[in-house]
Amino acid sequence: MPASNVADWDAIIRDPRFQSLHRRKTTFLWGLMAISVVYYFLLPVGAAYYQDLFKIRVWGVVNVGILFALSEFVVAWVIALAYSRKASRDYDVMAAEIAKEYGGVKTEAVEGVLV
Amino acid sequence: MTNKSRKWTLAALLAVTPLVATPVFAQAGVGENYRWLTFAVFAAIIAVTMYVTYLAAKRVRSASDFYTAGGGVSGLQNGWAIAGDYLSAASFLGIAGLISLYGYDGFMYSVGWLVAYITVLLLIAEPCRNIGRYTLSDILAYRNDPKKTRVVGALSTITVSTFYLTAQMVGGGVLVKTLIGINYETSVIAVGVLMLAYVLFGGMVATTWVQIIKAVLLVAASIVIVLLVWAPYGFSLPGFLADVVADPKVQARVANLLGDPAKAMSAAELGQRFLEPGLYFKAPVDQISLGMALVFGTAGLPHILMRFFTVRTAVQARRSVVWAMVIIGGFYVLTLFLGFGAARFVGPANIAAVDAGGNMAGPLLAQFIGGGPNSFFGNFMLAFVSAVAFATIVAVVAGLVLASASAMAHDLFVGVIRAGRETTPQGQVTAARVATVIVGAMSIGIGIAAKGQNVAVLVGLAFAVAASANFPCVLLTLYWKRCNTGGIVAGMLIGTIAAVGLTLVSPNLTYPKAVKAAAHKVIDAAPAKRAVASAALTSVDAAMAAKATKDLADLDKAVAKANADLAKFANDDTSFMGLEKPLFELKNPGLISIPLGFLGVIFGSLLMRDRRAESLWNEVYARQNTGLLVSKSVAL
């Protein structure tokens, strides 16, 4: 741990490795966020305006609407998993490298891949 | 599921089947003869949580221990605690109830509660862990005027938590009264005192463990009930749902909901309709607005944000959310079976007769599946679910009180009133405990005063304010360089005022003129209906005569209620706000108030430019992405 409460934040921001971390994270995170919001709002919109589609029976009495609602859970879990794998394999390693150089702080990236 | 365990569940189910031949649901709650069982289960849960509190109390020495369990909670533990904090009585009992009464729409409603955590995971959890220390305001104060942002942040935290808390207290009071039969005021005081014991002595350490214990019990109880409900169908989804839609109780419910159009539908069509959208949500835009409040509001709930300060690193914060999503999502999938199972076995009419909102669906299903109201196992299951419901309320209230108390003690007292002066660690813990007692006493008072209030409106308000005020402020201070004090203050004020204001003029309030018009309509139509039913009374068809007798009784009830409404609002033409009819048609204000909150932050920031906030941007951004110096963040 560094003795002082200040690190050279401006230098970190200028560091090409930080710039690359920032770029990759921003695209991936906001991309996933957009997908999840759009996919979520398809459910109430579909239930309201595409009832004929939601009523089609596909598996016994189970209809498109029920399968679509269940798929919302699966998509949420897949997004969570995709993000956490990417973060622990990629971002954590990059962040740890930067943190080590500028602050000598041990982070948890070494613990490896999550779930 | 292995063959062996499937055999076991089937055997267990067969063993109890003969007992359920004639279920009677006239009275909810545990029967007199089994009351002791309820108290035994309650006593066991209270004893365990008290012992945990006793152990925790020894560990609480500093403000950090009190507010955040010293940052010593693991990701997995925190995931369970978040689930325990989030699966409130409303989501645990309410969603199963909605599904049992309205079918598909109830299940659709549950989806937003899980998707909300995507926002938390991707945008909020990790940066908050890296920037904050104890409270929401810590994040807002980081690069802004600490006094001003702490004041607005603390006020908003207290506002959101109070709405949520009141809903929990009122809902909990009613629930405990129905389940155990003790009166409303006593149950509110019991919840309050127990919660105070946990928080006051054990701080965040005890609160975390109470939430974990409760979440584990809740999930375990649900799994047992779902296994028993689903096993006879060989764990087939279409098989189970086919039986649900073929049930006359379900078909009668749909016919009742649809009214005249139902007359042209066959029994099979009526049943299938239960699996299709549109029985509960009439206005699509209402549902979208509510969805927005859920998906963005959760990320602004102070008691949920506070949970991320209990773990040491951003990696653990991420792990907490992933675990929480697995637990919460899994639970909502189970509610599909709890809700449809309750509709099939207990019947929507019986559920609504006990509680119009359907909140008793889960507990009644537990009783049925265990063997019915006169069996030991049935009453044990009901007692167990009741005790879990009680623990749920206590655990959620504890988290809310801790969030409010931290805003009061850490932000307002230490951060604003005593700003610039040193507060000793001992002084900080004392301030936190004093604030806890104040908030706890207030919550009991509010719970008793708010008896009979509409709980759904209050929960909706909590989410709306969190989404419209807290969420834009937290998001933009983390991700937008130009965000500053002016923006935070403007966003908080505009978001809160818009959300609360629009709710006050929305259709959620009672409008006496409309109520009276409806009452007059019922009374005017009564003579004609009475004539039809009276004529049928003498019919040779016994079934028709019986139906006519029932119709007459229902008619008498409806007329009596209409007269009561007329008497109640005799001298009253306007709502609480002095309005004759709603000014604003949306039930949840999110669709309008969330964009307004964002605009408030953006224009506030642009109008009151602040070089200091911009110059600290590099520090905030580097820190939230690298986790550098986490333990040293936020100097007071």
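S.K.: Break down the overall build of chain A for me, citing the residues and quoting the values.
M.R.: Counting its secondary structure elements, chain A contains four helices and two strands. Its helices and strands taken in sequence order, chain A reads α-α-α-β-β-α from the N to the C terminus. Across the 115 residues that make up chain A, the buried fraction comes to 30%. Contacts in chain A between residues at least 24 apart in sequence constitute 60% of all its contacts with a sequence separation of at least 6.

S.K.: Explain the packing of helix H4 (residues 75–86) of chain B against helix H15 (residues 314–345) of chain B residue by residue, including any values.
M.R.: Between two packed helices, both the angle of their axes relative to each other and the distance between the axes serve to describe the pair. All names here are of chain B. Where H4 contacts H15, the two axes come as close as 7 Å, and the packing angle between them is 50°. The orientation of H4 with respect to H15, classified from their angle, is oblique. In the packing of H4 onto H15, the handedness of the crossing is right-handed. Each of Gly-75, Leu-76, Asn-78, Gly-79, Trp-80, Ile-82, Ala-83 and Tyr-86 in H4 lies in contact with H15, whose residues at this interface are Gln-316, Arg-319, Ser-320, Trp-323, Ala-324, Ile-327 and Ile-328. Considering only residue class, the contact of H4 with H15 consists of nine nonpolar, five polar and one charged.

S.K.: Got a sec to walk through the interface of chain B and chain A? Specific residues and values, please.
M.R.: Counting from both sides, the interface comprises 43 residues of chain B and, opposite them, 52 residues of chain A. Of all elements in the fold, only helix H6 (104–131), helix H10 (237–245), helix H13 (284–297), H15 and helix H26 (617–626) of chain B reach the threshold of two or more residues within the side of chain B that touches chain A. Broken down by element, the side of chain B that touches chain A gets its largest block of residues, ten residues, from H6(B). A per-class count over the side of chain B that touches chain A returns 28 nonpolar, ten polar and five charged.

S.K.: Any details on the packing of helix H9 (residues 184–230) of chain B against helix H17 (residues 361–370) of chain B? Residues and values, ideally.
M.R.: Residue and element names in this part refer to chain B. Two elements in contact, H9 and H17, have axes separated by 10 Å at closest approach and are oriented at 55°. Here H9 is positioned oblique relative to H17, judged by the angle of their axes. By crossing handedness, the relation of H9 to H17 is classed as left-handed. In contact with Ile-225, Leu-228 and Val-229 of H9, H17 contributes Leu-365, Ala-366 and Ile-369. The residue inventory of the contact of H9 with H17, partitioned by class, reads six nonpolar, no polar and no charged.

S.K.: So what's going on with the nonpolar core? Which residues, and what values?
M.R.: Residue and element names in this part refer to chain B. Residues Ile-328, Leu-365, Val-394 and Val-397 are the most contacted members of the largest nonpolar core, which totals 234 residues. With 28 residues, the single largest contributor to this core is helix H18 (residues 376–417). Beyond its immediate stretch of four places on either side in the chain, Leu-365 contacts Ile-225, Leu-338, Gly-341, Ala-342, Phe-345 and Val-346.

S.K.: Explain helix H5 (residues 89–102) of chain B residue by residue, including any values.
M.R.: All names here are of chain B. For H5, built from 14 residues, the straight-helix expectation of 20 Å at 1.5 Å per residue is met to within 8% by its first-to-last C-alpha distance of 19 Å. Counted residue by residue, H5 has 14 buried out of 14 residues, so it is predominantly covered. Once H5 ends, the next one or two residues include Gly-103, with phi positive near 65°.

S.K.: So, the domain arrangement of chain B: which residues are in play, and what are the values?
M.R.: One can read the domain layout of chain B as domain 1 (72–454) and domain 2 (520–568). On a C-alpha basis, the centres of domain 1 of chain B and domain 2 of chain B stand 40 Å from each other.

Cut-offs and rules
Residues numbered from 1 in each chain as written. Chains lettered and ligands numbered in written order. Predicted model: local features only at pLDDT ≥ 70, side-chain atom pairs only at ≥ 80, totals over all residues. Helix = DSSP H or I, 4+ residues; strand = E, 2+ residues; numbered from the N terminus. Buried ≥ 20, exposed ≤ 12 C-beta atoms within 10 Å, placed from the backbone. Contact = placed C-beta atoms within 7 Å. Axes fitted to C-alpha atoms, helices over the stretch in contact; angles between N-to-C directions. Parallel < 35°, antiparallel > 145°, perpendicular 65-115°, else oblique. Left-handed = near helix turned anticlockwise from the far one by under 90°. Nonpolar A, V, L, I, M, F, W, Y, C, P; charged D, E, K, R; others polar. Core = buried A, V, L, I, M, F, W, Y, C linked by C-beta atoms within 7 Å. Expected span 1.5 Å × (residues − 1). Domains from an automatic or database assignment.

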